[in-house]
Every structure is written in structure tokens, then in C-alpha cells.
Amino acid sequence: MVIAKGKDVAPSADAVAPPGARELLLDTCSAIMRDGDVVDISLSELSLRSGLNSALVKYYFGNKAGLLKALLDRDWRAIVSSVDALVAKDGWEPEAKLHRHLWKVVDTFYEVPYLNRLTMRMVRESDETEARRIADCYLSPIYRAYEQLIGDGVRAGVFRPVDPQLFYFTVTGAVDRFFSARLVLKHCFDQDTLTEELRDRYREHTIDIIMAGILAR
């Protein structure tokens, strides 16, 4: 305890938390959801796996819902930044940009397979203002990127006209369904681990099918 003006004062969370505690909580939360194929966590498991006092969740995030919101923001910000950079890249043909994007989407969902399900959960459980913020900050930018990528390809004569809204659902559904299907893998194919080899096979398969469907030739 710290003595101040004759009273016992509990040390602040900053005084007892190790450096990088906030990031470690986010990383551990992500790992729990990825390993368990879930979009929820228990604070006791978070504390056990991170080695941190679960009271730090309240200090940094307010509550568990705040932790999940911070994780969603962290993961989506990285994705939107990557997509924006790709769309703005000079010297790349539309076909090369889309191919690279699809490659990255599969890799991203391999790392954070819970992302789409967590997004839908947070939208459902949030008030209208927060749900709109999530859509405006993270979902709409991806749709706008598809509008530009597809439009550029159509104008260049390499893509056939495709509805970017439906294309968004096609891509998202293809990766989300696969990387959230560990129970199907386990009971139908005797495989309950999403390995890098399986990821690579699915990446090639997905890119081949989607590109074949959009190319003009």
C-alpha cells in the first residue's frame, strides 16, 4: 500500500501492470477466440493465459464488452489500412490488385477467423450509434474498395461487370465459412486443426474460383 496524507491508498493499475499489459490482454483475447473457435471469452481464462489480473480489463477497457470492442477496432483498422494502401498503389494492374487482396483476405481470416462473427455480434449488441460507427469505419470502406477495384478492372477491359455489393458477400462468405468450420473438419474429415498447408490450399482454390468468375476473358 502507498501512504498518502495519513491514509492507505491502493496503487494504481499503471503501477502494478507490466509494460504492454493492454496489448497482451488483446493478444490473449484474440488467441482464446481463435483457438476455441468462439466469439466470447471468460475473464478467468484470460487472466490464466495472460498471467495478468483480470481487474486490468476494467482499468483499460471498462468491461468485457469494451475489451471485445477494442479487439474489433484493432483487427479492423489493420485490414482497412491494408486495403486502402492496395487500392492507392500505383503501377499495379486491377487483376494483380484483386489477386493480392484475395490472397491477403485468406491470410487475415486464418489469423483472426472470428472476425466476421465478432463483428456481427458487436453490431447486434450495440446501440444504433455504435453499430453505425462499426459499419462506417470498417465495413463500408471494404465495399468502396471493391467498387473501385472492380470499376478499374471493367474500364481496363479485364473484369466483367459485377455487383460490388454481392462481390463483398461472396468474398466474405467464402473465407468466413471455411475458417469457422472446424467442427465440420473434425466430424467430416477427421481434422480439427487449421494448418498452414490447409490455408495455402484453400487460398489457391478461392483465388482461382473468384478470379475465374470475374475475369472478362
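The structure presented is a predicted model; accordingly, all values stated were derived computationally and were not measured.

(A) The overall build of the protein chain, seen in detail. When helices and strands are tallied, the protein chain shows 11 helices and 2 strands. Taken from N to C terminus, the helices and strands of the protein chain fall in the order β-β-α-α-α-α-α-α-α-α-α-α-α. Once the C-alpha set of the protein chain is aligned to its principal axes, its extents read approximately 80 × 40 × 35 Å. Here the protein chain holds 217 residues, and the buried ones make up 42% of them.

(B) Helix α6 (residues 94-111), seen in detail. Taking 1.5 Å per residue, 18 residues should reach 26 Å; α6 reaches 26 Å between its end C-alpha atoms and fits that length. Along α6, the residues that are buried comprise Pro94, Lys97, Leu98, His101, Leu102, Val105, Val106, Asp107, Thr108, Phe109 and Tyr110. The inward-facing, buried residues of α6 contact α2 (21-36), α5 (64-88), α7 (115-125), α8 (128-155), α9 (164-179) and α11 (196-214).

(C) Examining the packing of aromatic side chains more closely. One pass over the structure, following the stated rule, counts 7 aromatic pairs. Plain terms: the ring middles of Trp76 and Tyr138 are 6.1 Å apart, the flat faces sit at 10° to each other, and that makes the pair stacked. Residue Trp76 is located in helix α5, and its partner Tyr138 is located in helix α8; the two are separated by 62 residues in the primary sequence. Each member of the pair, Trp76 together with Tyr138, is buried. Measuring from centroid to centroid gives 5.2 Å for Tyr146 and Phe167, while their planes differ by 90°, and the two rings are edge-to-face.

(D) Structural detail: the confidence of the model for the protein chain. When pLDDT is averaged across the protein chain, the result is 88; 91% of the residues are at 70 or more. Summarising per-element confidence for the protein chain, the mean pLDDT is lowest in strand β1 (residues 2-4) (40) and highest in helix α3 (residues 43-50) (96). Segment residues 1-11 is flagged for pLDDT under 50; beyond a separation of four residues in sequence, or across chains, it makes 9 contacts in the model.

(E) Main features of unusual backbone geometry. Unlike most non-glycine residues, Asp37 shows phi in positive territory, near 55°. Taking relative accessible area as the criterion, Asp37 reaches 17% and is therefore assigned buried.

(F) Spatial organisation of the pattern of salt bridges. The tally for this structure, following the rule as stated, stands at 18 salt bridges. Notably, a salt bridge pairs Asp136 with Arg132, separated by 3.7 Å at the nearest N-O pair. Residue Asp136 and its partner Arg132 are located together in helix α8, separated by 4 residues, close to a single helical turn. Residue Arg155 is joined to Asp152 by a salt bridge in which the shortest nitrogen-to-oxygen separation is 2.7 Å. Taken as a pair, Arg155 and Asp152 lie in helix α8 at a separation of 3 residues, close to a single helical turn. Residues participating in the shared-partner salt-bridge network are Asp40, Lys64, Arg121 and Glu125.

(G) Looking closely at the packing of α9 against α11. As a packed pair, α9 and α11 sit with axes 12 Å apart at the nearest point and diverge in direction by 160°. In terms of axis orientation, α9 runs roughly antiparallel to α11. In the packing of α9 onto α11, the handedness of the crossing is right-handed. Of α11, the residues touching α9 (which contributes Phe167, Val171, Ala174, Val175, Phe178 and Phe179) are Leu198, Arg199, Tyr202, Thr206, Ile210 and Ile214. Here the residues of the contact of α9 with α11 are counted per class, giving 10 nonpolar, 1 polar and 1 charged.

(H) Molecular detail of the nonpolar core. In this structure, Trp76 and Phe179 are the most contacted members of the largest nonpolar core, which totals 60 residues. Mapped by element, the contributors of at least two residues to this core are α2, α4 (55-61), α5, α6, α7, α8, α9 and α11. The element contributing the most residues to this core is α5, with 10 residues. The residues touching Phe179, leaving out its near neighbours within four places in the chain, are Asp37, Val106, Phe109, Tyr110, Pro113, Leu194, Arg199 and Tyr202.

(I) A look at the side chain of Glu130. Mapped onto the fold, Glu130 is located in helix α8. Exposure remark for Glu130: the relative accessible area of 16% places this residue in the buried category. Here Arg133 takes part through its side chain, which lies 2.8 Å from a polar atom of the side chain of Glu130.

Reading the values: the criteria
- Residues numbered from 1 in each chain as written.
- Predicted model: local features only at pLDDT ≥ 70, side-chain atom pairs only at ≥ 80, totals over all residues.
- Heavy atoms only, no water.
- Helix = DSSP H or I, 4+ residues; strand = E, 2+ residues; numbered from the N terminus.
- Buried < 20%, exposed > 50% of the residue type's maximum accessible area, 1.4 Å probe, protein only.
- Expected span 1.5 Å × (residues − 1).
- Contact = heavy atoms within 4.5 Å.
- Phe/Tyr/Trp six-rings, centres within 6.5 Å; stacked < 30°, edge-to-face > 60°.
- pLDDT = per-residue confidence, 0-100.
- Salt bridge = Lys/Arg side-chain N within 4 Å of Asp/Glu carboxyl O.
- Axes fitted to C-alpha atoms, helices over the stretch in contact; angles between N-to-C directions.
- Parallel < 35°, antiparallel > 145°, perpendicular 65-115°, else oblique.
- Left-handed = near helix turned anticlockwise from the far one by under 90°.
- Nonpolar A, V, L, I, M, F, W, Y, C, P; charged D, E, K, R; others polar.
- Core = buried A, V, L, I, M, F, W, Y, C linked by side-chain atoms within 4.5 Å.
- Polar contact = N/O pair within 3.5 Å; in protein donor to acceptor, adjacent residues only side chain to side chain.

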